[in-house]
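# Architecture at a glance
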There are 2 protein chains.
Amino acid sequence: MGEFDLIERYFARPAKRSPLGNGDDCALLAPAPGMQLAVSSDMLVEGRHFLSTVAPERLGHKALAVNLSDLAACGAAPLAFTLALSLPAVDESWLAGFSRGLFALADEHDCELVGGDTTRGPLNICITVFGEVPAGKALLRSGAKPGDDIWVSGTLGDARLALEAFRGTLALSAEVFEQARRRMEQPTPRVALGIALRGIASSAVDVSDGLIGDLGHILASSRVGATLDADAAAALVAANKHAPGSADLFTREVLRTCALSGGDDYELVFTALVAARDTVLQAGITSATAVTRIGHIEAAPGLRIVDARGVPLAQHFTSFDHFA
Amino acid sequence: MGEFDLIERYFARPAKRSPLGNGDDCALLAPAPGMQLAVSSDMLVEGRHFLSTVAPERLGHKALAVNLSDLAACGAAPLAFTLALSLPAVDESWLAGFSRGLFALADEHDCELVGGDTTRGPLNICITVFGEVPAGKALLRSGAKPGDDIWVSGTLGDARLALEAFRGTLALSAEVFEQARRRMEQPTPRVALGIALRGIASSAVDVSDGLIGDLGHILASSRVGATLDADAAAALVAANKHAPGSADLFTREVLRTCALSGGDDYELVFTALVAARDTVLQAGITSATAVTRIGHIEAAPGLRIVDARGVPLAQHFTSFDHFA
């Protein structure tokens, strides 16, 4: 199968929102008047962003999800995406699964594939996503102010638990492993929450490299510091709450590490005025997304990590670096 | 050097046109009122789109040039691009050269880097480029009409000559090789010509996989056929004209094959009314780009390749397929 047949069979769909479908030299996009276009590119490489064991359908989902997560962090509504794909060989069952997972998530967010490129080479997936946001309303990393609460959406650390199980450093029951693995392989981009937080959150970022690393981007861009409650974050590890009322499955150290330094969470960490607490909770309800307060912004630079009683932790946490 | 240091050192530049510089979750773009955004993504892989011998500075140029060429084929003016880069290791001299070549071409076209991604993995360069074009004025593949002239810009086949020299199937003098190699490694995107052809060309495509393959996209999209003068195209191989007044350096068969099936030319092939010949020539002058008539569109489907006297050629020509 040649390049054009491959595109035709697995990726050609009728154009909807784009004035022109895919298949010309460029795709054409026309943002509505008063809207800015939010753009983000992410490249996924085997062994770095996914394991060779991942089902192609889940990989198709994840490749788009990590990009939609960037739109969510800006409060942008998804519009369209391009897909560039390098494949070692034309594997039809892989392509069928990959495109199924990709389009299932794309359709859920009404996000149209408008163009791209395919080539033969080591497996590499590069998606560029486009969203729109009213001019001046994008959530940025730079708006956090001393006194603001720090919030995080959803759950934390489960993707890291699954990764450690794959690495053999942790043993998980089959059921817990499957649940954690799904969080790693099929993250949920918090698009609706991002949109609901327009005009409410003072800053936002998505958690891809780990909570403290990504919160660090907010602190650096906003030129502020913060105190973070490690145990409030650790309580968000979903796999630990497997059986209602049951004892903790993991040690406190494992929970803190996975929640704070896990990576691959694709949750939103954001800040908002203390006076906006009810409004934030309402945005969580509107978007059917749990939101939890885990700390607060301070004028003093640096990140202070404390336990549930406010006592500073000696433990050292790092974030995930794709070049480390 | 970590991911963020790498971005900071080689790719961070102050924001110009984008409402937001790179460094947030998304870049923000605001097309001017009445403009559509043209978008194209290309992925470059070693051994498919460039050889390991290419100088990083030339590769930086080429990675952006092939994307600008897609904008040119739509008549769009460059605005911005994102860069996703997978690197086997952090090689500072490679990064310095690559970013120098990339930004030299970007600056020439006032095209701003607004975001991207870096990761460790097999070398892979994925650029998504954004341009703007007045709504409804984009050059498309689908507008060719029977009777239209077929034109091509610049020169053809030199990149293929260089590739064959690298492969050892052709011997070139050092001087001719260097000239041809530069065409392969540093193609010139015909951006000014594309813009000048708005409202004049009835269809356009850029020549990346070879003249007849890419002309084939126009024929398919426009549901027309064509007759193409192989010798008019073969006369555009620049390396053959090395010494003024000198004899041909290459056989007629080599020249025809390189011109028609060469690939990597990044010229524009386009169609226009016969009545617009002077206007097309004027657009060539305005944009300082040679334009040459090489055939005409016909209602009868299929591509008929003829020699300078109009006699059909028996020779079979193919285009380049990244999966063949």
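Residue numbers here run from 1 along each chain, matching the order of that chain's written sequence. Whichever chain is written first becomes A and whichever ligand is written first becomes 1, with later ones labelled in order. Predicted model: local features are reported for residues with pLDDT of at least 70 only, side-chain atom pairs are reported and counted for 80 or more only, and whole-chain, interface and lining totals are derived from all residues. Side-chain measures were taken over the full set of non-hydrogen atoms in the model, leaving aside hydrogen atoms and water.

## Side note on the pattern of salt bridges
For clarity, the threshold we go by: Salt bridge, as applied in this entry: a Lys or Arg side-chain nitrogen positioned within 4 Å of an Asp or Glu carboxyl oxygen. Only runs of H or I of at least four residues qualify as helices and only runs of E of at least two qualify as strands under DSSP, and these elements are numbered from the N terminus.
In this structure the tally under the stated criterion is 31 salt bridges over all chains. For B:Asp264, the salt bridge identified is with B:Lys62, shortest N-O distance 2.7 Å. Of the two residues, B:Asp264 sits in the loop between helix H9 (252–261) and strand S9 (267–272) while B:Lys62 sits in helix H2 (residues 56–74), which places them 202 residues apart along the sequence. With a closest N to O distance of 2.7 Å, B:Arg304 and B:Glu298 form a salt bridge. Three or more residues are tied together by salt bridges with common partners; here these are A:Arg58, A:Glu178, A:Arg181 and A:Glu185.

## Things to note about the interface of chain B and chain A
Put simply, the rule is: Note on contacts: a residue pair is in contact if any heavy atoms of the two residues lie within 4.5 Å. Reported buried area values correspond to the accessible surface (1.4 Å probe) lost by two parts on association, with both partners' losses combined. Whenever two N or O atoms come within 3.5 Å, that pair is a polar contact, provided that in protein one can donate a hydrogen and the other can accept it, and provided that, for residues adjacent in sequence, both atoms are side-chain atoms. Here the nonpolar group is Ala, Val, Leu, Ile, Met, Phe, Trp, Tyr, Cys and Pro; Asp, Glu, Lys and Arg are the charged ones; every other residue, Gly included, is treated as polar. One bridge is not enough; two strands pair if DSSP finds at least two bridges between them.
Across the boundary between the two partners, chain B contributes 61 residues, which contact 61 residues of chain A. When chain B packs against chain A, close to 4,900 Å² is buried across both sides, 60% of that on carbon and sulfur atoms. The tally of links between chain B and chain A comes to 2 salt bridges. The interface formed by chain B and chain A includes 15 residue pairs in polar contact (both at pLDDT 80 or more). Contributing elements (two or more residues each) for the side of chain B that touches chain A: helix H1 (3–10), strand S1 (27–29), strand S2 (35–45), H2, strand S3 (77–87), strand S4 (112–120), strand S5 (124–134) and strand S7 (203–207) of chain B. Considering only residue class, the side of chain B that touches chain A consists of 33 nonpolar, 16 polar and 12 charged. Bridge count between strand S2 (residues 35–45) of chain A and S1(B): 3 bridges; the pairing is antiparallel. Bridge pairing links A:Leu37 to B:Leu29 in S1(B).

## Some points on the sheet that holds strand S10 (residues 291–298) of chain A
Residues and elements named next belong to chain A. Short version of the rule: Only the stretch in contact is used when a helix axis is fitted, and all axes are lines through C-alpha atoms; the angle between N-to-C directions ranges over 0 to 180 degrees.
The strand order across the open sheet formed by 6 strands is S7-S9-S6-S10-S8-S11, and the pairing between neighbours is mixed. Each edge of the open sheet carries a strand with a single partner, namely strand S7 (203–207) and strand S11 (302–306). The sheet shows a mean angle of 25° between the axes of neighbouring strands, direction not considered. Relative to strand S9 (residues 267–272), strand S6 (residues 149–153) is paired through 4 bridges, and the arrangement is antiparallel. Bridge pairing in S9 links Asp 149 to Ala 272. Contacts between helix H2 (residues 56–74) and the sheet are confined to S7 and S9, with S7 contributing the most and set at about 165° to the helix.

## Observations regarding the relation of the copies chain B and chain A
Spelled out, the test is: For this overlay, a least-squares fit was computed on C-alpha atoms, restricted to residues scoring pLDDT of at least 70 in both copies.
For the pair chain B and chain A, the relating rotation is 180°, the translation along its axis is 0.0 Å, and the fit reaches an RMSD of 0.0 Å. The symmetry that links the two subunits is that of a two-fold axis. The share of interface residues of chain B whose copies in chain A are also at the interface is 100%, consistent with both copies meeting through the same surface.

## Thoughts on helix H3 (residues 92–108) of chain A
Every α-helix winds through 3.6 residues per turn, so residues three or four apart in the chain are directed the same way. Residue and element names in this part refer to chain A. As a reminder, the rule being used: To estimate how far a helix should extend, the number of its residues minus one is multiplied by 1.5 Å. Think of it in three bands: residues with accessible area under 20% of the maximum for their type are buried, residues over 50% are exposed, and the middle band is partly exposed, with areas taken using a 1.4 Å probe on protein chains only.
Taking 1.5 Å per residue as the helical rise, H3 with its 17 residues ought to reach 24 Å, and the 24 Å between its terminal C-alpha atoms agrees with that figure. Within the span of H3, buried status applies to Trp 94, Leu 95, Gly 97, Phe 98, Ser 99, Gly 101, Leu 102, Phe 103, Leu 105 and Ala 106. Once H3 ends, the next one or two residues include Asp 110, with phi positive near 50°.

## Here we look at the packing of helix H4 (residues 158–167) of chain B against helix H5 (residues 174–185) of chain B
All names here are of chain B. Basically, it comes down to this: Roughly parallel here means an angle under 35 degrees, roughly antiparallel means over 145, roughly perpendicular means 65 to 115, and every remaining angle is called oblique. Each helix crossing is assigned a hand: it is left-handed if the near helix lies turned anticlockwise from the far helix by less than a right angle, otherwise right-handed if that turn is clockwise.
Two elements in contact, H4 and H5, have axes whose closest approach is 7 Å; the angle formed by their N-to-C orientations is 110°. With respect to H5, the axis of H4 lies roughly perpendicular. Here H4 and H5 pass one another in a crossing that is left-handed. Residues Asp 158, Ala 159, Leu 161, Ala 162, Leu 163, Ala 165 and Phe 166 of H4 touch H5, and the partners they reach there are Phe 177, Ala 180, Arg 181, Arg 183, Met 184 and Glu 185. Of the residues in the contact of H4 with H5, the class split is 9 nonpolar, no polar and 4 charged.

## Topic: the confidence of the model for chain A
Our working rule: Summary of the metric used: pLDDT quantifies the predictor's per-residue confidence within the range 0 to 100.
Per-chain confidence: chain A averages 90 in pLDDT, with 93% of residues scoring 70 or above. Taken together, the chains of this predicted complex give a pTM of 0.90 and an interface ipTM of 0.87.

## Considerations on the pairing of S2(B)
Residues and elements named next belong to chain B. The buried count for S2 comes to 10 of 11 residues, which makes it a mostly enclosed element. Bridge analysis of S2 against S5 gives 11 bridges, and the strand direction is antiparallel. Considered in S5, the bridge of Asp 42 is made with Ile 127.

## Thoughts on the environment of B:Arg223
Structurally, B:Arg223 can be placed in the loop between helix H7 (211–222) and strand S8 (225–229). Measuring from C-alpha to C-alpha, the distance between B:Arg223 and B:Glu298 comes to 9.8 Å, with 75 residues separating the pair along the chain.

## Digging into helix H10 (residues 277–286) of chain A
Residue and element names in this part refer to chain A. Our working rule: Note that the arc is defined by the directions from the helix axis to the C-beta atoms.
Of all the positions in H10, only Val 280, Ala 283 and Gly 284 are classed as buried. Take H10 and look down its axis: the buried residues cluster within an arc of 100°, on one side only. Facing away from the buried surface of H10 by more than 90 degrees, the exposed residues are Asp 278, Ile 285 and Thr 286. Where H10 terminates, the next one or two residues include Ala 288, which has phi positive at roughly 55°.

## Comments concerning the state of the cysteines
Basically, it comes down to this: Cysteine sulfurs are considered disulfide-paired once they come within 2.5 Å of each other.
As enumerated under the stated definition, the model contains 0 disulfides over all chains in all. Not engaged in a disulfide, the cysteine B:Cys26 finds its nearest cysteine sulfur in A:Cys74; these two sulfurs lie 3.6 Å apart. Left unpaired, B:Cys126 is separated from the closest cysteine sulfur, that of A:Cys126, by 3.0 Å.

## Details of the environment of A:Ser208
All names here are of chain A. On the secondary structure map, Ser 208 appears in the loop between S7 and helix H7 (211–222). Note: C-alpha distance between Ser 208 and Gly 263 (55 residues apart in sequence) is 5.2 Å. With near-sequence residues (within four places) excluded, Ser 208 lies in contact with Asp 214, Gly 263, Asp 264 and Tyr 266.

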